[in-house]
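Residue-level structural notes
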Amino acid sequence: MSQPIVEHTIAGVRERVRALRADAVAAGIPHPRVALVPTMGALHAGHLALVERASEVADIVVVSIFVNPLQFGEQADLEAYPRTLDSDVEMLTGKGVAVVFAPSADEMYPQGSSATRVTGGDVAQRLEGRSRRGHFDGVLTVVTKLLHIVGPDIAVFGQKDAQQAFLVTRMVRELDFPTTIEIVETVREDDGLALSSRNRRLDARERRAARVLHQALDAAVSAADGGIDASIAAAQSALMGEDLVRLDHLSIIDPATFQPADDSFKGAALIVIAAEVGGVRLIDNDTAYFG
Ligand code: PAF
């Protein structure tokens, strides 16, 4: 089974992608398409769904694995983030991935950080951005770097991080990156819990309690006939009684603008939720139709 080539340096991955494009041209693909799947590693089936989509739309697939310090507020959260490069590469073997780009923090930020930041405007300050100050500027800055380094035609992101998907899509459009953004549906456990690298930090009780996020979203979707307030109330009542879950935010937003939907809103809206389950921060979202 074909194992991805692992590149640790910016020069190395650039040269590798250039050579793979040239090989593809020589093999008769006049305009080979490169897809990038940016990740922070600790890969699971949700990431594999992104990789699968990338292989459908591109000739050459690159997966980046980099735990980006710029997007973590707390040092403890950054340190606790799982780092599993060997098993990640094994998981990508035979999945059509040509290259894994796994740089060190020094390689990406030789000055220790980046004084230049790409900012996401007011949407980046709301919801996830309100609880995690600077998070989205860190995400947009590293995504910008990865897009410049790899130069993909397509980049693939997951719908679970809906606010990130919105901000990256808008950034690429507003700053004229020559890259198309693909968003892939959330992959879930049998009981509905959205797959996340953070799930592995939940103990058995917390894991059971975490199901309530999806149950709250389901309740909100089912109550959408009654309007926005009824939908929020249904989600809140589903969350009640789960002592291990501390709700951070629960909102219904217009997916076109990521601004809150009010009671006059009509059409498909996004219900977004974030909660701490025993100290592990989890997020999820679903679509509800308001008539
Ligand atoms: O979604 C993630 O894993 C990260 O935010 C990303 C896009 C890889 C940037 O570090």
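Here the structure is a predicted model, which means the values were calculated and not measured.

The next point concerns the UniProt feature "binding site: (R)-pantoate" (unreviewed entry) in the protein. UniProt records the feature "binding site: (R)-pantoate" (unreviewed entry) for Q71 and Q164 in the present numbering. These annotated residues cover 94 residues of sequence, but their C-alpha atoms sit close together, with the largest distance between any two at 11.5 Å. On the secondary structure map, Q71 appears in the loop between strand 3 (60-65) and helix 3 (75-80). Note on Q71: relative accessible area 9%, which makes it buried.

Turning our attention to the site of the ligand. The local shell around the ligand consists of P38, T39, M40, N68, Q71, V139, V142, F157 and Q164. Between an oxygen atom of the ligand and a side-chain N or O atom of Q71, the distance comes to 2.6 Å. Between an oxygen atom of the ligand and a side-chain N or O atom of Q164, the distance comes to 2.7 Å. When isolated, the ligand has an accessible area of 290 Å², and the protein chains bury 89% of it. Mapped by element, the contributors of at least two residues to the shell around the ligand are strand 2 (34-39) and helix 7 (135-150).

For the rest of this paragraph, the subject is the sheet that holds strand 1 (residues 5-7). The strand order across the open sheet formed by six strands is 1-4-3-2-5-6, and the pairing between neighbours is parallel. Both edges of this open sheet fall to strand 1 and strand 6 (180-184), since each of them pairs with a single strand only. Strand-to-strand, the axes of this sheet are offset by a mean angle of 25°, without reference to chain direction. For strand 2 and strand 5 (residues 154-158), the ladder comprises two bridges, and the chain directions are parallel. If you follow A35 over to strand 5, its bridge partner there is I154. Packed on one face of the sheet, helix 2 (residues 45-57) meets strand 2, strand 3, strand 5 and strand 6 and runs near 155° to strand 5.

The next thing to look at is unusual backbone geometry. Here D176, not a glycine, exhibits a phi torsion of approximately 55°, which is positive. Note that D176 resides in the loop between helix 8 (162-174) and strand 6. Note on D176: relative accessible area 65%, which makes it exposed.

Moving on: the side chain of H214. Its place among the elements puts H214 in helix 10 (residues 211-222). Classification of H214 by relative accessible area gives buried; the value is 14%. Those residues in contact with H214, other than ones at most four positions away along the chain, are R188, D191, G192, L193 and D284.

The next point concerns the side chain of T179. Within the fold, T179 resides in the loop between helix 8 and strand 6. A polar side-chain atom of T179 sits 3.3 Å from the main-chain carbonyl oxygen of P152. Those residues in contact with T179, other than ones at most four positions away along the chain, are L147, P152, D153, I154, A155 and V172.

The rules behind each value
Residues numbered from 1 in each chain as written. Predicted model: local features only at pLDDT ≥ 70, side-chain atom pairs only at ≥ 80, totals over all residues. Heavy atoms only, no water. UniProt positions renumbered as here; feature names shortened; annotations may be inferred. Helix = DSSP H or I, 4+ residues; strand = E, 2+ residues; numbered from the N terminus. Buried < 20%, exposed > 50% of the residue type's maximum accessible area, 1.4 Å probe, protein only. Near = heavy atom within 4 Å. Polar contact = N/O pair within 3.5 Å; in protein donor to acceptor, adjacent residues only side chain to side chain. Areas by Shrake-Rupley, 256 points an atom, 1.4 Å probe, with all protein chains shown as cover. Pairing = 2+ DSSP bridges. Axes fitted to C-alpha atoms, helices over the stretch in contact; angles between N-to-C directions. Contact = heavy atoms within 4.5 Å.

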